[in-house]
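Remarks on the overall topology
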Amino acid sequence: MVGRRFVWSHPATCPFECSGGFMLREAHPSPPPANRGGRWLAASSTFISPFARRSPAVVVAIAFGVGIWLDRKIDLLLIGWLAASSLLLVAWGASFYARRERLAMVIIHAVVVAVGGTWHHRAVRCGPDNHIVKFARETSQPARIVGTLRSDPIVLTKPEPVSPWSSPGSDSNSRVQCDVDCDWLLTGRERIAVSGAARLEIKGDSVPANAGDTVELIVDMSRPSGSRNPGGFDFREFLQAQGIQVVLRGDSPDAVCLVHDRVDWWGRSGRGWLRRHCEDEIARHLNKRTAAVGVGMLLGNRSNIAADVRAAFAESGTTHILAISGANVGILALLIWSVCRLLDAGRTATLLTVLIGIISYTVLTDAQPPVVRATFLILVLVAGASGFRPTSSVNSLGLAAIGVLAINPASLFDVGAQLSFLSVAAMIWVSSRAGGAPDITGKDPLDRLLVEASWFRQLIESLRVQLRLACRVTAAVWLVTLPLIVARFHLLSLVGFAINVVLVPLLVLVLWSGYLLLVCVLVMPPLAPVFARCYEWGLTGLLTMIENGARLPRGHAYTFGLPDWWLVGFYLAVATILWGGRTGGAARWGWRAIVAWCVLGLWGHFSTANQTGLRCTFLAVGHGGAILVEMPNGRTLLYDAGQMRDGPRAQRVIQNALWELGHSRLESLIVSHADADHFNAVPDLVKTIPVESLLVHPSFLDFRQPGVVAVSDAAFREHVPMRFLWSGDQLNLDDNVSIRVLHPPAGHGITGMDNANSLVLQIDYAGRSILLTGDLDGPGLEHLLRQPPTDVDVMLSPHHGSMAANPSALAGWARPDFVVVSNSRPDVIPKLRDVYANGSVILSTQQYGAITFEILPDGELRHHTMVRINGNP
């Protein structure tokens, strides 16, 4: 490489997106020519000072995104958007002809807004008349469908193993998931041509088909459900962002019948086979501990990663390592660039090789959205570099945003996309302030002579400078993305900043060895064990550091999220800093706005603990129980926490509901009795939600049950005091609320099963009454009915609506206005209507999702449900 000199540079000054590491770039021995602005600019440099010039692509991307957001918020027909676009175009033409430039500029941005709304409406809300969603209903119905698998089936095992104390069930712990393009709907003898994609879920661990194959499906078809609990996962929105509006579910692999095994080496089947081959070979060369993580980091299949490993990555603030993101693509581009330059390849050959490598990797990873985002950015940068033209990094980011939104407008609402673009913007800002590559030779001639004479000192000084820049980049990315992470994931990882700084060089080396292993698996199998060993060593070190970081005391904290209005204000101030230059007045005002917003905005949000009235929410956890009671003074009580066969699922439902409703702790957690579906979420819940006291009846402490032991151990480990309750006790959580224990009596309670000793609570506020009954039945129910009758407004149906636990005597004793059933079975409501025939309204969490009752201070009782049926709550 005669006549060339190379220096190591931080990725923030390199033409490829990356989250850390060092990059090799060519250094010019002489000053490069000046551009029109009088600035010196290297011909091979891609980034220039990004905030010293206008960035029209960013403005267009923002306007396009505003249009997408408006179409999501308002229900405007496609013809309305088209009419608005046409009228605005006419207005722009008139303003331009009249030479009113400023008005024309405003109108043309409004045109982009209308185009964004039109594009989103066409992609998400419109569809052909024969779209499969036209034949689907909210409830499941049998269907026979012929279609083509558009993605490889992925085997998903429950992230958490079924708890040993949970009730046994027939449901499989594994299911196969993939997407299918629907071609025909078979109804009797009729064959209807359909279109559109659907999500296919089959119970089991395999299906007899792969991507590209034509299959016949005998399944239950329905529209995806929305969120069923406060803060819950919105499955409908998630699928809609991928262009899917129908879900097909089968009970066994026999529901999938292979019609045609298509072999298309350049299509889906070929890409699917290649991806499966790479996954199998990589997993074969790695040990059991690192195989799942290694495959996930390289190819994006994270289905086999254990739950504890996922939790360690989240709590240490390194979840981005598991996802194939722009950082992975940037590190791959860096590897290809470095190899080509070390081999003295020409500029055109280097750029072409980078382009081919990135596109090939995008195809191999099935064009996942984060990879597509990074690929767009690199394509723009390579296009500028190929013409020896400097490319504004901010403009490139804007063009990448426009490309991503054009492919999938719903990416605007994807948290991954938001974090990706925020991270790159932070890197660009740090790069602009760094002012390019540092001069490590010093200005003093003697010092320069000493440095040139000592290569070791030069190396140390270079590493010191690059480490300082890496810390700045990591700090900027961490601080900019922290509010969004807290708002969406309810996790504040304090140790994340330090770990990410340390992991930057290691992550680059680990991914480099992984990519070389991937190449060897495809073209040079004999060399695969060499790079596999390096990859395995790196993954082992990576996992060790991450797991130890997650275990650090006070290294992370779970909290409720930040409101959207606060996020908007924060990121407006951040945008002011990014676009305000280094020392401009806008930047100074941006910093002041951030400080003021953090102090005043957060203080105002966190200080409003009190609420108007009492609120009781029956969470939808399936066959189980979880009732959250919020007092007028802001304190909380949780009655039961469990679900049949899957306690961790109930734990996620409860904690997300708490965070969504603005609570980060529980003052009281009551377990009604020792049935697993009422308490198997407690051991995990006390890890993420601080609990002041755990209240049980003495009969609960049956240490022959593993679940009771697990709850007791978790309470001891998390320093949660356990106290006893029995008939006659009262809880004082709010001076205006009466909480009385009606059953069971003191001591060991009623002789019989656990259900007979269920804790029964009566909550009175503002002349209204709520009765929580657990699984009360048998002798325990008889004991309760011997007490004086009481009129209640809301009653939890005992034992999930069981007829034996809901006799007519109970209906006459309580005379409830509303009866709530916490169950997963839809057939109990008609039977209960016959029992509570005195005008009681029967509501089931299986049908309506979470059900909330609100008692206002004047005694008014309101209720609403998460799922609305025929417009009724």
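Let me sum up the structure you'll find in this document.

How each quantity is defined
Residues numbered from 1 in each chain as written. Predicted model: local features only at pLDDT ≥ 70, side-chain atom pairs only at ≥ 80, totals over all residues. Heavy atoms only, no water. Helix = DSSP H or I, 4+ residues; strand = E, 2+ residues; numbered from the N terminus. Polar contact = N/O pair within 3.5 Å; in protein donor to acceptor, adjacent residues only side chain to side chain. Phe/Tyr/Trp six-rings, centres within 6.5 Å; stacked < 30°, edge-to-face > 60°. Buried < 20%, exposed > 50% of the residue type's maximum accessible area, 1.4 Å probe, protein only. Lys NZ or Arg CZ within 6 Å of the ring centre and 35° of its normal. Pairing = 2+ DSSP bridges. Axes fitted to C-alpha atoms, helices over the stretch in contact; angles between N-to-C directions. Contact = heavy atoms within 4.5 Å.

1. Considering the side chain of E630
As for its placement among the helices and strands, E630 is situated in strand β14 (residues 624-630). Reaching out from E630, the side chain makes a polar contact with the side chain of R615 at a distance of 2.7 Å. Within the local environment of E630, its side chain forms a polar contact with the side chain of H663, the two groups lying 2.6 Å apart.

2. Some words on the packing of aromatic side chains
Evaluated as defined, the whole model comprises twelve aromatic pairs. Judged by centre distance (5.4 Å) and plane angle (55 degrees), the rings of F233 and F238 are tilted. Aromatic side chains F570 and Y571 sit 5.0 Å apart centroid to centroid with 85 degrees between the ring planes, which places their arrangement in the edge-to-face category. Given a relative accessible area of 7%, F570 falls into the buried group. Judged by its relative accessible area of 17%, Y571 falls in the buried class. Here a set of aromatic residues connected by ring pairs shows up, and it is made of F233, F235 and F238. R72 extends its terminal NZ or CZ atom over the ring of F413, reaching a point 4.0 Å from the ring centre. When the ring centre of W184 is taken as origin, the NZ or CZ atom of R191, which lies over that ring, is 4.4 Å away.

3. Description of the sheet that holds strand β16 (residues 668-670)
Ordered by their spatial adjacency, eight strands build an open sheet running β18-β17-β16-β15-β14-β13-β26-β27, and the pairing between neighbours is mixed. Two strands lie at the open edges of the sheet, namely β18 (722-724) and β27 (861-865), each paired on one side alone. Geometrically, the sheet is characterised by an average inter-axis angle of 25 degrees between neighbouring strands, direction not taken into account. As defined by bridge partners, strand β15 (residues 636-643) adjoins β16 across three bridges and the pair is classed as parallel. Residue pairing across strands places L638 opposite L669, the latter belonging to β16.

4. Comments concerning the side chain of S758
Inspection of the secondary structure assignment puts S758 in the loop between β20 (738-743) and β21 (760-765). Polar side-chain contacts of S758 include one of 3.2 Å to the backbone nitrogen of D775. Setting aside anything within four residues of it in sequence, one finds S758 in contact with S672, H673, H743, P744, T773, G774, D775 and L776.

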